[in-house]
Every structure is written in C-alpha cells, then in structure tokens.
Amino acid sequence: MLLLHLSDVDEASWAKAFQTALGDYPVVRRGDDFNPKEVHYIFVWKPKADAFEGLTELRAVLSLGAGVDALLKHPDLPDAPIVRFVDNDLSQRMSDYVVAHVTMHHRQFSRFAADQQARRWAQYYPPAAHETHVGIMGMGVLGQDAAKRLLPLGFKVSSWSRSAKHIEGVESYVGAEQFDAFLANTDILVNLLPLTPETTGILNAETFSKLRKGTLQGGPAIVNAARGGHQREADIVNALQSGVLGAASLDVFEVEPLPEQSALWDAPNCYITPHIAAISDERSGVRYFTQMINDHRNGLPLRNVVDRKRGY
Ligand code: NDP
Ligand code: OXD
C-alpha cells in the first residue's frame, strides 16, 4: 500500500493520479481507514511529527522534493531507504530559472532598469557571454543540467563539487582546497548545492568578497535556487548595499515565507521569487514514483537513494 502525506500540496489530486497509475495497488491518505502495517511506501512532503507512526513495514520513503534536508531532520524518520525526486522535467524547470537570472545579470538588467527609470540614455556594452564566467556550486543532477544549457549560450562555466567532474567545457573545482580558486574565477555564482552541515551558510560575506571583480560593471552576482539555509541574509543585504555584490537572485530564504520586515525586500538589485524556481510536477512525479514502486515490487533496486551519511 502507498500512503500519501503531503503538506502545502494538493494531496487529493496526487492521490487520484497515483491510484489511476498504480491500478489495483492500494493508495491511501491520512484520515483514510487503513492498517498502518500494510503501508510499504510513503510519499512525503513536509511530513508532520506523527507522519511515520505505526509504519513498521515501510520499504521506502519517497520524497516529493529533490532536496531532503528537512526530511532528514525529522525526529522519527524510519530506517527505510529514501528515494528523492530526480526528473528531466524538474531539471528543465530549474535550468529555466538559472538561465533567466544568469542572462539577466550578464546583460546588466539592474543598470538598464535604473537608467530607464531615470530617463537616462547612457550607452554601456556588457561583456560578451564568452567573457563572463558562471560558477555553479553543486554539480549534481540540477547543476549539470544548468551547465548543459548555459554552455551553448557561450558562457564560460565552471563547477564546484565534492568529487571531480569531467564534463566537456566545464572546469571542475573540487572540495574546500579549491573553493577560493573557484570563486576567484566566477562572475556569476549559481548555488545548486544540497543543504548539509558543510554547506550551511556558505553564501556569506567572505565568499562574496572572493568573487571575481571587474567583468560585470556593478559587481559579481549570485543566484541561489537551492536552500535558504545556504545564505546569510544580513551579509547579502550588506554586500548589495556596499557594492561587493552587484545583484542577487534569491528563490529561497532562511525563513519562508520571507517575513515582511526582511531587509531583503528593499535591498538594491535583489530579485526575490517565492521558492518557485522548480516544482515537482504532478504528472512527472506520478510517472516517476509509479515506475519506482512497480520496479521495486518486481525486485529491482530503488534508484536515486539518499546517502544519509553525506546528507544528500
Ligand atoms: P544532487 O545531490 O544531484 O547534487 C548535489 C551536488 O552538490 C553534487 O555535485 C555534490 O557533489 C555537491 N555537494 C554536496 N555537498 C558538497 C560540499 N560539501 N562541497 C562541494 N560540493 C558539494 O542534488 P540536485 O542537483 O538534485 O539538487 C540540488 C539542490 O537543489 C537540492 O538539494 C535542493 O535543495 C535544491 N532544489 C531547489 C528547488 C527550488 O525550487 N528552489 C527545487 C529542487 C531542488 P558530488 O557530485 O561530488 O557528490
Ligand atoms: C525541492 C524543492 O527540493 O522544491 O524539490 O525545493
């Protein structure tokens, strides 16, 4: 049996779609009358404290989100394998966001918007894409997709990850030892890391001060589409005010929804979106997890299983 436990999402709609896709295999929701011992799979997003109560026969926890940082902090998370969402549709959506914001900062959107506001005709030619270095932190599923889409636009692309990557056209930097060199070669910093103890707060004043200066007229830019826990928001505000950063695109925040009193709302050249960079689409999610459940029930191994020790 598959149990759905989704918060902030239309659980009824997902349940209906799963039932259609899974045929005879029973699908239940919280509040339905079912025996918890018959639940072999649970599909979760933002699970409540009692989400796993009585589920002694779980074979897998299926995560609607690609990021599992919050799930891993659940005090009663069972020992079953955790499968996260990995899907071309999700990757495409994230890359749509990344490409839009990288090209916006590359073409000096902030500057020309301010000129327009001031009715000022001031010619300035942004550098060519091939003169502009995009550094992607996190070269996993989403980082690789973003790189693949930025390269044909002409950008110089480099990556930073725990293990070395061999991707044509992408310069790979690895681990803490090469972090400074990576930053020194980056005009637009894109964050697609998972949130772990090692990556918490990585977007901070020290990081910003090490980014390459001189290519983008207003200063280097950051794009954070991963997790709010990666960023020190007070440092971002200061960096934008002092010109250490020329612009910031933020989709995620230390506290969500971003509180009304946050200084980020008024920070210069700060582009805020409400955690919408990429959604796990219902149709692709149902397809992916249905296949996963069917395969697993037929004896095939689970895929995209989270390594709990690494934290992603
Ligand atoms: P992956 O697990 O596929 O990739 C993670 C990458 O980060 C890997 O390249 C990994 O290195 C690297 N990494 C992890 N820890 C470190 C570290 N300490 N130092 C350097 N590199 C590190 O994740 P995805 O690409 O699928 O997703 C990334 C994140 O995007 C998710 O965790 C989630 O938080 C966020 N997300 C946000 C969404 C939104 O709407 N805003 C939507 C979907 C996801 P290595 O390859 O060596 O293991
Ligand atoms: C995710 C998210 O992790 O939507 O998938 O943030």
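Residues numbered from 1 in each chain as written. Chains lettered and ligands numbered in written order. Predicted model: local features only at pLDDT ≥ 70, side-chain atom pairs only at ≥ 80, totals over all residues. Heavy atoms only, no water.

Asks: If you had to explain the site of ligand 2 to someone new, which residues and values would you point to?
Replies: Near ligand 2, the surroundings consist of W45, G65, A66, G67, R227, H275 and A278. For ligand 2, an oxygen atom lies 2.8 Å from a polar atom in the backbone of A66. One nitrogen or oxygen atom from the side chain of H275 is found 2.7 Å from an oxygen atom belonging to ligand 2. Burial of ligand 2 by the surrounding chains reaches 86%, relative to a free accessible area of 210 Å². Grouping the amino acids of the shell around ligand 2 by side-chain chemistry returns 3 nonpolar, 3 polar and 1 charged. (Near = heavy atom within 4 Å. Polar contact = N/O pair within 3.5 Å; in protein donor to acceptor, adjacent residues only side chain to side chain. Areas by Shrake-Rupley, 256 points an atom, 1.4 Å probe, with all protein chains shown as cover. Nonpolar A, V, L, I, M, F, W, Y, C, P; charged D, E, K, R; others polar.)

Asks: Can you lay out the site of ligand 1 for me, pointing to particular residues and giving the numbers?
Replies: Around ligand 1 sit 29 residues, and of these R84, S163, K165, A225 and Y312 come closest. Measuring from an oxygen atom of ligand 1, one finds a backbone N or O atom of G140 at 3.0 Å. V141 places a main-chain nitrogen or oxygen 2.9 Å from an oxygen atom of ligand 1. In isolation ligand 1 exposes 950 Å². Once the protein is present, 92% of that is buried. Contributing elements (two or more residues each) for the shell around ligand 1: α5 (141-150) and β7 (156-161). Residue composition of the shell around ligand 1, by class: 15 nonpolar, 7 polar and 7 charged. Here the shell around ligand 1 spans two domains, and each of domain 1 (2-87 + 280-297) and domain 2 (88-272) adds at least three residues to it. (Helix = DSSP H or I, 4+ residues; strand = E, 2+ residues; numbered from the N terminus. Domains from an automatic or database assignment.)

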